[in-house]
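Summary of structural features
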Amino acid sequence: MAQTTQPTGSAGPLPGGLPKGFRSAEAGWPRLDRIPHPPRRIPLIGDVLGANARTPVQDSMDIGRRLGPVFRRKAFGKEIVFVWGARLAAELADEARFAKHVGLGVANLRPVAGDGLFTAYNHEPNWQLAHDILAPGFSREAMAGYHPLMLDVAGQLTARWDAAAAAGRAVDVPGDMTKLTLETISRTGFGHDFGSFERARPHPFVTAMVGTLSHAQRRNVLPPALAPVLLRRAERRNAADMAYLNSTVDGVVAARRAADASGARGDLLDRMLEVAHPGTGERLSPENIRRQVITFLVAGHETTSGALSFALHYLAAHPDVLARARDEVDRVWGAAETPAYEQVAKLRYVRRALDEALRLWPTAPAFAREALADTVLGGTHPMRRGAWALVLTMLLHRDPEAWGPRPEEFDPDRFAPAAVRSRPAHVFKPFGTGARACIGRQFALHEATLVLGLLLRRYDLVPDPGYRLRVVERLTLMPQGLRLRLVRRAG
Ligand code: HEM
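Numbering of residues begins from 1 in every chain and follows the order in which that chain's sequence is written. The model is predicted, so local features are restricted to residues of pLDDT at least 70 and side-chain atom pairs to those at 80 or more, both for listing and for counting; the totals for chains, interfaces and linings are taken over all residues.

1. Comments concerning the overall build of the protein chain
In plain terms, the rule: The way it works is that DSSP assigns letters per residue, a run of H or I at least four long becomes a helix, a run of E at least two long becomes a strand, and they are numbered from the N terminus. The size measure is the radius of gyration over C-alpha atoms, and the globule rule it meets is 2.2 Å times the number of residues to the 0.38 power. Neighbour density around each residue's C-beta defines its exposure: 20 or more other C-beta atoms within 10 Å make it buried, 12 or fewer make it exposed, and counts between make it partly exposed, where C-beta atoms are placed from the backbone. Contact between residues is assigned whenever the C-beta positions, reconstructed from backbone atoms, fall within 7 Å.
Secondary structure assignment for the protein chain yields 21 helices and twelve strands. Relative to the globule expectation of 23 Å for 491 residues, the C-alpha radius of gyration of the protein chain, 22 Å, shows essentially globular dimensions. Expressed as a percentage of the 491 residues in the protein chain, the buried residues total 44%. The contacts in the protein chain between residues at least 6 apart in sequence include a share of 73% that link residues at least 24 apart.

Here it is in structure tokens:
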């Protein structure tokens, strides 16, 4: 079986004899000839003509539209099968036949996130241990506890936006949403204040994180034989970024350990440090805690920031939707200065607008699934155990079979209850699927709905008429250069 790269640098088989590292499709898909690939494939090099290394996901989306619900791409000996058709994706969601595959960009993050929840292999004991210890940190009760802190951070954002509105200055939406979401996860989860809103530039933690994410993406698209040479300088920078992430996190953990027990908050960090597994009594090791803190700080803000930014873009561009959403906020929240916890989930239409933004631009745009045993996908494509495919969420979310004839249109009513009931299962997957789906889903939805409600109530959003949506990729998606002008509403 081909094994061209070894992201962790520690080659070796997984339990059951599956090789670790990149597994090219030739080995796992015996009838690859049934799966189309782009024309003009060049021997040894692959499907690279016209490919844009900066936008691999949007590139794959264009190719997928031409080739159909399952297709393949090859670059420098690495062949990948992509799936986006609603019926095939529903099969891949079947946990009896498939599980998460840690490959490509996710595996490239192993040097920094190791066996943290997001990057752990399914068989690694630390996955179950950490999952069981940390899942209660996302219960309804825990979420209600985070709500006041979320409001505090949102208050920092609105203070900044009030000043911009008064000065007639446009705001940098993705930049400010990143400040907001980083502060929210760091303060709710870890009691740490990065002071993002007091800084003119992004916090160095964000710069280092963006560096590592972009680096992990770049490693996917370069020829493995040349990557070490081409990336020599980038590898050095990446090592420095990783060292910075580690030292920041070590500081956060050390501060908590130094605090006396009266400082206990019952947050994610307390759970990591203090809570034993309810069944086995086992605890997370210091090394694993470091991995988890980095994982949560990164996974807990980058994607939510993108989701909020896309939602604001679409709301500003659709005044009718915005007016309806704002009416709902005014009606549900009334004159209350700040909403109570229960009043956030009652913003049903705002939530639909958020879902619709996540449909068009799922900010984690793909996830990988591997076969648990030899199987046949869609009755046509045999897969050996361990063979895997990348589900292109962005195209799955635009499959006309599931979403109707105009899937590119922004229409929150697609998420009205009757419309949701009329669609097949497994066609909306912004948070992944199965046991390895996003543990922070409720956290992200509460935070984003709350912030959208607060912003709609407070400002008129004025888009720049010249702005055309451009999406930048660094494993996650973000609208590039999105700026809005704000007019403070009366009252
Ligand atoms: C809109 C925001 C978010 C989106 C779109 C998103 C998306 C995803 C997706 C697609 C996965 C599965 C990846 C895979 O199958 O390889 C995932 C997993 C994960 N997410 Fe999120 N996420 C979001 C917010 C959050 C937040 C707020 C947190 C933490 C507070 C978080 C923490 C995690 C973790 C730890 C995992 C790994 C879970 C596991 O494998 O056990 N995410 N997320």
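2. Re unusual backbone geometry
With the exception of glycine, most residues fall at negative phi, and the peptide bonds are largely trans. The phi dihedral of Arg-40 is positive, around 60°, even though this residue is not glycine. Within the element layout of this structure, Arg-40 appears in the loop between helix H1 (25-28) and helix H2 (56-67). Judged by C-beta crowding, with 9 C-beta atoms within 10 Å, Arg-40 ranks as exposed. Look at Leu-475: it is not a glycine, yet its phi comes out positive at around 70°. In this fold, Leu-475 is placed in the loop between strand E10 (471-474) and strand E11 (476-479).

3. A look at helix H21 (residues 441-458)
Filter applied, for reference: Helix span, expected: 1.5 Å multiplied by one less than the number of residues in the helix.
Compared with an ideal rise of 1.5 Å per residue, which puts 18 residues at 26 Å, H21 spans 26 Å between its outermost C-alpha atoms and is within 8% of the ideal. The buried count for H21 comes to 14 of 18 residues, which makes it a mostly enclosed element.

4. A word on the sheet that holds strand E4 (residues 171-172)
To be explicit about the condition: Between any two strands, pairing holds if DSSP finds at least two bridges. Between N-to-C directions, angles cover 0 to 180 degrees, with each direction set by a line fitted to C-alpha atoms, over the stretch in contact for helices.
Read across the open sheet, the three strands follow the order E4-E12-E9; overall the sheet is antiparallel. Of all strands in the sheet, those bounded by a partner on one side alone are E4 and strand E9 (459-463). For E4 and strand E12 (residues 483-488), the ladder comprises two bridges, and the chain directions are antiparallel. Bridge pairing in E12 links Asp-172 to Arg-483. Packed onto the sheet, helix H7 (residues 140-167) meets E4, E9 and E12 and runs at close to 85° relative to E12.

5. Structural notes on the UniProt feature "binding site: heme" (unreviewed entry) in the protein chain
Note the threshold: UniProt positions are given in the numbering used here, feature names are shortened, and annotations may be inferred rather than shown by experiment.
Here the UniProt feature "binding site: heme" (unreviewed entry) sits at Cys-438. Its place among the elements puts Cys-438 in the loop between helix H20 (417-422) and H21. A count of 21 C-beta atoms within 10 Å places Cys-438 in the buried class. The contact partners of Cys-438, leaving out residues within four places of it in the chain, are Phe-431 and Gly-432.

6. Looking at the nonpolar core
Applicable threshold: Nonpolar cores are identified as sets of buried Ala, Val, Leu, Ile, Met, Phe, Trp, Tyr and Cys residues joined via C-beta atoms within 7 Å.
By size, the foremost hydrophobic cluster in this structure holds 120 residues, and its most contacted members are Val-83, Ala-311 and Val-391. Considering every element that reaches this core, the biggest residue donor is H21, with ten residues. Not counting residues within four places of it along the chain, the set of residues in contact with Ala-311 comprises Ala-353, Leu-354, Ala-357, Ala-448 and Leu-452.

7. Some words on the pairing of E12
The pairing of E9 with E12 spans five bridges and is antiparallel. If you follow Val-462 over to E12, its bridge partner there is Arg-485.

8. Some details on H2
Under the convention used in this document: Directions are taken from the helix axis to each C-beta atom, and the arc is the one they span.
Helix length check: H2, at twelve residues, gives a terminal C-alpha distance of 16 Å against a target of 16 Å (1.5 Å per residue), a fit within 8%. Restricting attention to buried positions, one finds in H2 the residues Pro-56, Val-57, Ser-60, Ile-63 and Gly-64. Each buried residue of H2 sits inside an arc of 120° when the element is viewed along its axis, so together they form one side. Across from the buried face of H2, at angles greater than 90 degrees, the exposed residues are Arg-65 and Arg-66. Remark: Gly-68 follows H2 within two positions and exhibits a positive phi of approximately 105°.

9. A look at the packing of helix H11 (residues 232-258) against helix H13 (residues 286-299)
Short version of the rule: Should an angle fall under 35 degrees it is called roughly parallel, over 145 degrees roughly antiparallel, and 65 to 115 degrees roughly perpendicular, with every other angle called oblique. Under the scheme applied, nonpolar residues are Ala, Val, Leu, Ile, Met, Phe, Trp, Tyr, Cys and Pro; charged residues are Asp, Glu, Lys and Arg; polar residues are all the others, including Gly.
One way to put it is that H11 packs onto H13 with a least axis distance of 10 Å and a crossing angle of 105°. It follows from the interaxial angle that H11 and H13 lie roughly perpendicular. Together, Leu-245, Asn-246, Val-249, Asp-250, Val-252 and Val-253 of H11 and Ile-289, Arg-290, Val-293 and Ile-294 of H13 make up the contact between the two elements. Broken down by class, the residue content of the contact of H11 with H13 amounts to seven nonpolar, one polar and two charged.

10. Comments concerning the site of the ligand
The condition is simple: We call a residue near a molecule or strand when the C-beta position, derived from backbone atoms, sits within 6 Å of it.
Not every one of the 27 residues close to the ligand is listed here, only the nearest: Gly-300, Thr-303, Gly-432, Cys-438 and Gly-440. Of the residues assigned to the shell around the ligand, the class counts are 17 nonpolar, eight polar and two charged.

11. Remarks on the environment of Leu-151
In this structure, Leu-151 sits in helix H7. The exposure class of Leu-151 is partly exposed, given the 18 C-beta atoms found within 10 Å. It is 11 Å that separates the C-alpha atoms of Leu-151 and Glu-183, two residues lying 32 residues apart in sequence.

12. Topic: the sheet that holds strand E5 (residues 366-371)
Pairing is mixed in the open sheet, where five strands are placed in the order E1-E2-E8-E5-E3. Every other strand in the sheet has two partners, leaving strand E1 (70-75) and strand E3 (98-100) as the edge strands with one partner each. Between one strand axis and the next, the sheet turns through 35° on average, direction left out of account. Alignment of E5 against strand E8 (residues 388-392), held across five bridges, turns out to be antiparallel. Paired with Arg-369 across the bridge in E8 is Ala-389.

13. A word on the environment of His-203
With respect to the secondary-structure elements, His-203 resides in the loop between helix H8 (173-190) and helix H9 (204-221). Once residues within four sequence positions are removed from consideration, His-203 is found in contact with Leu-182, Phe-194 and Ser-196.

14. Regarding the confidence of the model for the protein chain
For residues with low pLDDT, the predicted coordinates do not support detailed interpretation. Here is the rule we go by: Per-residue confidence from the predictor is given as pLDDT, running between 0 and 100.
Counting all residues, the mean pLDDT for the protein chain is 91, and 94% of those residues have values of 70 or more. In the model, residues 1-12 has pLDDT below 50 throughout and makes 30 contacts with residues more than four positions away in sequence or in other chains.

15. Some remarks on the packing of helix H14 (residues 302-317) against helix H17 (residues 348-360)
It is at 9 Å that the axes of H14 and H17 come closest, and there the two elements cross at 105°. On the basis of their axis angle, the class for H14 and H17 is roughly perpendicular. Residues Ala-307, Phe-310, Ala-311, Tyr-314 and Leu-315 of H14 form the contact with H17, whose own contacting residues are Ala-353, Leu-354, Ala-357 and Leu-358. Residues that form the contact of H14 with H17 fall into these classes: nine nonpolar, no polar and no charged.

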